[in-house]
Amino acid sequence: MLLRWKGGSIEPHPTDKALIVNYQLEATVFGEPNNPMIEEKKHCQKIIRLRSLNTKTDPAALAREVVDKCDLIHKSQLNDVEQIIFYLKNRKDNASNDIPDNNTHSRRSAALHNSHTRSSARSHSSVAAMSSSGTGTVAGTGTGTGSGGGGSSITNGSGNALAASTPTADVSINNIDEYVELLYEELGERIRGSAMILQMARNPDNLEELEKNEACLSALSRVLREDWRKSLDLSTNIIYIFFCFSTYTKFHPLIVQYKIGSLCMDVIDYELRRYETMRNELDVRKQPNGSSTPHSAKASKEKLNRSTDDFLDIMNEEKPKEMEPPRRRIPELKQRPKSGNWSSFHGSMSSSLIKSQILNSSYHEALCAGAGGGGDPPSTVPAELKAQSNESLDRNDPKVKKEEIDRLNKQLKIFAKKQEQLLRVAFYLLLNMAENVKLEEKMRRKHIVKMLVKALDRQNIDLLMLVSTFLKKLSIVGDNKDEMCSLNIVSKLPRLFQSTHTDLVQVTLKLVFNLSFDGGLRRKMISAGYLPMLVMFINDEKHHGIAVKILYHMSLDDKVKGMFTQTECVQMATDAIILNLNVKVDLDLIALCINLSLNRRNAQIMVDGQRLHSLMDRAFKYQDALLMKLLRNLSQHESLQLQFIDYVADLARILTICDDEAFIVECLGILGNLSLTDLDYSQILQNFQLIPWIRQLLVPSSRLDDLVLDTIVYLGTCACDELCALLFCRAKVVISLIELLKAKQEDDEIVLQIIYVFQQILRHESTREYMIKETESPAYLIDLMHDKNEEIRKVCDYCLDIIAISDTEWAKRIKLEKFRNHNSQWLCMVESQQDQDNEQDYADQEDECDNDLDTYLRSEYLDNCDLYNNDLNGDNESNNSNSNNSNNNPASPAMSTYSRPLSTYRRSQDLDELYNMTSSSKSQGSSDNNFMFKSNKSLDTDGLHEELLMA
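Everything numeric in this text was worked out from a predicted model, so none of it was measured.

## Digging into the overall build of the protein chain
Then, in step 1: In terms of regular secondary structure, the protein chain is built from 48 helices and five strands.
Then, in step 2: Once local pairs closer than 6 in sequence are excluded, the contacts in the protein chain between residues at least 24 apart make up 72%.
Then, in step 3: As displayed, the protein chain has an accessible area near 48700 Å², and 48% of this comes from carbon and sulfur atoms.

## Section: the packing of aromatic side chains
Then, in step 1: Applying the stated criterion across every chain yields a total of 10 aromatic pairs.
Then, in step 2: Ring geometry for Phe242 and Phe245: centres 6.4 Å apart, planes at 40°, overall tilted. A residue pair is termed a helical-turn pair when its members lie 3 or 4 positions apart in one helix, as Phe242 and Phe245 do in helix α9 (residues 232-246) at three residues. Considered together, Phe242 and Phe245 belong to a single accessibility category, that of buried residues.
Then, in step 3: One aromatic cluster in this structure is built from Phe242, Phe245, Tyr248 and Phe251.
Then, in step 4: Its guanidinium or amino end placed over the ring of Tyr270, Arg229 lies 5.3 Å from that ring's centre, counting from NZ or CZ.
Then, in step 5: Just above the ring of Trp810 sits the side chain of Arg813; from NZ or CZ to the centre is 4.6 Å.

## Things to note about the nonpolar core
Then, in step 1: In terms of nonpolar packing, the biggest core is built from 213 residues, with Phe427, Leu429, Ile448, Ile489, Tyr530, Leu631 and Leu685 touching the most fellow members.
Then, in step 2: No other element matches the 15 residues that helix α16 (residues 398-433) contributes to this core.
Then, in step 3: In this structure, Ile448 is in contact with Met265, Phe427, Leu430, Met443, Phe470 and Leu474, ignoring residues within four places of it in sequence.
Then, in step 4: Core analysis: the second largest hydrophobic core is formed by 20 residues, Tyr23, Ala63, Ile73 and Leu88 among them.

## A few points about the confidence of the model for the protein chain
Then, in step 1: Predicted confidence across the protein chain gives a mean pLDDT of 74, with 66% of residues reaching 70 or more.
Then, in step 2: This stretch, residues 290-301, has a pLDDT under 50; its non-local contacts, to residues over four places away or in other chains, come to four contacts.

## Description of the pattern of salt bridges
Then, in step 1: Inspection of the entire model under this criterion finds 36 salt bridges.
Then, in step 2: Among the ionic pairs, Asp482 bridges to Lys481, the shortest N-O distance being 3.1 Å.
Then, in step 3: What makes Asp482 partly exposed here is its relative accessible area of 40%.
Then, in step 4: The partner of Arg703 in a salt bridge is Glu661, with the nearest N and O atoms 4.0 Å apart.

## Here we look at helix α32 (residues 648-657)
Then, in step 1: For α32, the complete set of buried residues consists of Val648, Leu651, Ala652, Ile654 and Leu655. All buried residues of α32 fall inside an arc of 160° around its axis, so they share one side.
Then, in step 2: Those residues of α32 that are buried are in contact with α30 (611-622), α31 (625-635), α33 (661-673), α34 (681-687) and α35 (690-697).

## Comments concerning a negative patch on the surface
Then, in step 1: On the surface, a cluster of negative charge is contributed by Asp177, Glu178, Glu181, Glu185 and Glu186.
Then, in step 2: Examined against the element boundaries, Glu178 turns out to sit in helix α5 (residues 176-182).
Then, in step 3: According to the relative accessible area criterion, Glu178 is partly exposed, its value standing at 48%.

## Considering unusual backbone geometry
Then, in step 1: Phi is positive for Asn488, which is not a glycine, with a value near 60°.
Then, in step 2: Tracing the backbone through its elements, the reader meets Asn488 in the loop between α20 (478-486) and α21 (494-497).
Then, in step 3: Phi angles above zero are rare outside glycine, and Ser701 is one such case at about 65°.
Then, in step 4: Along the chain, the position of Ser701 falls in the loop between α35 and α36 (705-718).
Then, in step 5: By relative accessible area, Ser701 is classed as exposed at 69%.

## Considerations on the environment of Asp479
Then, in step 1: Among the secondary structure elements, Asp479 is positioned in helix α20.
Then, in step 2: Taking the C-alpha atoms as reference points, Asp479 and Arg444, separated by 35 residues in sequence, lie 8.7 Å from one another.

## A look at the side chain of Arg458
Then, in step 1: In this structure, Arg458 sits in the loop between α18 (448-455) and α19 (461-474).
Then, in step 2: Sequence-distant contacts of Arg458, defined by excluding residues within four places in its chain, comprise Leu272, Tyr275, Ala416, Gln419, Glu420, Leu423, Leu463, Leu464 and Arg495.

## Let's talk about the environment of Leu579
Then, in step 1: The residue Leu579 is located in the loop between α27 (569-578) and α28 (587-596) in this model.
Then, in step 2: By relative accessible area, which is 64% here, Leu579 ends up exposed.
Then, in step 3: Sequence-wise, Leu579 and Ser614 are 35 residues apart; in three dimensions their C-alpha atoms are separated by 9.4 Å.

## Here we look at a positive patch on the surface
Then, in step 1: On the surface, Arg279, Lys286, Lys413 and Lys417 cluster together to form a positively charged patch.
Then, in step 2: Those elements that provide at least two residues to the positive patch are α11 (260-286) and α16.
Then, in step 3: Exposure remark for Lys417: the relative accessible area of 45% places this residue in the partly exposed category.

## A short note on the packing of α11 against α16
Then, in step 1: Running from amino to carboxyl end, α11 crosses α16 at an angle of 165°, the nearest separation of the two axes being 10 Å. The angle between α11 and α16 places the two elements in the roughly antiparallel class. Crossing angle aside, the handedness with which α11 passes α16 is left-handed.
Then, in step 2: A per-class count over the contact of α11 with α16 returns 20 nonpolar, three polar and seven charged.

## Quick look at the packing of helix α39 (residues 748-762) against helix α40 (residues 765-773)
Then, in step 1: Axis separation between α39 and α40 bottoms out at 7 Å; the angle between their running directions is 130°. Judged on the interaxial angle alone, α40 and α39 are oblique. Residues Phe758, Ile761 and Leu762 of α39 form the contact with α40, whose own contacting residues are Thr767, Arg768, Met771 and Ile772.

## Some details on the environment of Ala625
Then, in step 1: When you line up the elements, Ala625 lands in helix α31.
Then, in step 2: Linking Ala625 and Glu666, residues 41 residues apart in sequence, is a C-alpha distance of 6.7 Å.
Then, in step 3: For Ala625, the residues in contact, after removing those within four places along its chain, are Ala662, Phe663 and Glu666.

Rules and cut-offs
Residues numbered from 1 in each chain as written. Predicted model: local features only at pLDDT ≥ 70, side-chain atom pairs only at ≥ 80, totals over all residues. Heavy atoms only, no water. Helix = DSSP H or I, 4+ residues; strand = E, 2+ residues; numbered from the N terminus. Contact = heavy atoms within 4.5 Å. Areas by Shrake-Rupley, 256 points an atom, 1.4 Å probe, with all protein chains shown as cover. Phe/Tyr/Trp six-rings, centres within 6.5 Å; stacked < 30°, edge-to-face > 60°. Buried < 20%, exposed > 50% of the residue type's maximum accessible area, 1.4 Å probe, protein only. Lys NZ or Arg CZ within 6 Å of the ring centre and 35° of its normal. Core = buried A, V, L, I, M, F, W, Y, C linked by side-chain atoms within 4.5 Å. pLDDT = per-residue confidence, 0-100. Salt bridge = Lys/Arg side-chain N within 4 Å of Asp/Glu carboxyl O. Arc of directions from axis to C-beta. Patch = residues over 30% accessible without salt bridge, like charges linked within 9 Å, V, L, I, M, F, W, Y side chains within 5 Å. Lys, Arg positive; Asp, Glu negative; His and termini not counted. Charge placed at Lys NZ, Arg CZ, Asp CG, Glu CD. Axes fitted to C-alpha atoms, helices over the stretch in contact; angles between N-to-C directions. Parallel < 35°, antiparallel > 145°, perpendicular 65-115°, else oblique. Left-handed = near helix turned anticlockwise from the far one by under 90°. Nonpolar A, V, L, I, M, F, W, Y, C, P; charged D, E, K, R; others polar.

Structural data, given as structure tokens:
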């Protein structure tokens, strides 16, 4: 006979600390050799008791020991053994429970443990967060994973053990029909049935089975729709069940099918309004008797009495039994009078007895009496009892009234904790469903933002974290952000900054970051005092990144930049850059400093204490373009420019050896900002051989436009020095600038900086004649005189005034061009009117009157200056030539809308004769004696000037 065994599944023992190993035993009886006669198979179990298992046992080590010693367990099942041992280690023993089927229970327990180990991160985080709430486990459920007995308890955030309001036995998916039947019983049974179903729903493996049970889901949705006002426990349990479904996207259609999201929003809205009403009425009770109110004294008294009774009913309606005040403080009646009338006892009852009876009135009677009250909290106390209680309250002395208010305030806090648990489950379900954009839009239309903003006034940390997370998600939509602004959300968030809960602070900062993209909200944040609070988070490692991002957004406003000087933000940010050991500085931090450096007072703080030297050293060491941009902004302030003189040589040297164009741009920007009279620019250009490098950069389309632009700005700064201006003319830098002007005529910034260089060169007497007679710059300046850019027109007019004073021939041309520009509308009108008259009055004589003069002067006469020409030296060819020139003239009406074409002015013979016949209305003096600008330096430049002209 041959015995063989085949390994099977491994399960935890239902009651003991042991493993159940399932295996198959095969027995074979042989007759003749190799001829089996009888074969039999049998399923067997072996129990391996883990007597050494305790809370300090290492599951991995024990699992390896079990696998090594037991031949029935294959080595591939090591992970399964370890998981089961871990489950047995943490399982609470419940030997007293009734277990009808050990094998079924063990398999379900193992499946429950495995489901938790392989569930997704999202379901684990959400369900675990709900079960570890500060207010305890959901009412009516046990603390175990399905094996909790009737005597289980829940623990609130303070650590106080409270008896479970609804005992629950061990639940099984096989008994789901029994739990559904409980939903059709009385209120207490409905709560118990929903709690049992919730226990199953918290196991992810049961969700698919529950999804198929349409009767169960229909009953749950019906009970929630009809009875959600009657009990917080019932509402919380049912919403929690559907929340378990919402943690998985595949079950979202099920929630939409039963309209649970809409019900959740109705529940949230009602609970928030109810809590607000209770708070308001409690505040009314706290007011002294002599306080003034807008209503009459009688109306105020009636309102107070009515609200008091409603408030007491609400408190009694939702007050947990375990939260009742001690019996020694509030006596209550032991039995009901035989007559059934409470009024016969009122004469001998104290006010405290009456109020105690009100608080302990029947919860179900209150619900029945207020069933038709709609969404507002119902008033359920009988009228006769109200009258008696109001009379008793009126007779209260201040001491009794104070005790009553303290007691009601305590009960309000208890009610708020229980209500916040419901709100958190409902908000969490809606947050999961908001993954669908369409569903999120429906929530917005039902004022989800308003509900969330209201919930920010609560004290529960978990609820505040959830609400802040939900608001952060919604804030990326413009409509939601505008609604938050209208609800003044900015005033509610500073309280959360002061929380000791770091996760809550982090979520709140992320919400503020999303809101800070809006300029109006940023101004509200500044007014609310956000700036000093955010600065405190710069040195906090956990909140540093998000706080710096928010501060960067605030630094975008020029008016706010100056407010940073009232905090330590500038010093802290600058020191953080200097002390950073990494190669690259935090981008958000350097961006914040770049913005702040535009303010003069902030810039002064940044360079104090040898910080400028440290920033320069770090910038050159790592060739950091952003850090050099910060230094460039600092160099814009005249009061700080003298401190940069020591670094001019280093900046000029790095231009020709660095390959990073972004870094070179910032270095050129610093050199271009340093307009210092004591700086010898020509010596810098010659010592570091920058002229050839500059001419290479000015070749069109050879380098980046930013690099070319900053190079031209630097040339404009250097051209203030007369020696540099002569150097530019001799080295033909001006010629390169003119060629670049032709290629970049549509780039306003480059054009503006080029003509500014022309202006600086024209200011010097030694280079003015070269610019006028040896280059085409005057002609291009005349073209740019009509540019659309106002700044370009101003600089052109300035240059043309210098040219007109220095050269009489160009003065005539400039005067004529200004006349054409000034009268362009009149010339256009003359031409259009003349064409109209020719079409109407002289249509029949068109062929005969070709050589006659028109009724009005045509614009061609002005363009060709025939108005001033009385000689007969012109012929038809010259007239045609002049006509063609006028049509191409950029000053003509037809060309008045041009942007910036190439110059059409040349020193032609026609123009020379034209301007010789034009008399100037302005007396011109000697060009040697009447210059608008003189050089401030007395330089001996005659030799260099003669060499320049000869060249």
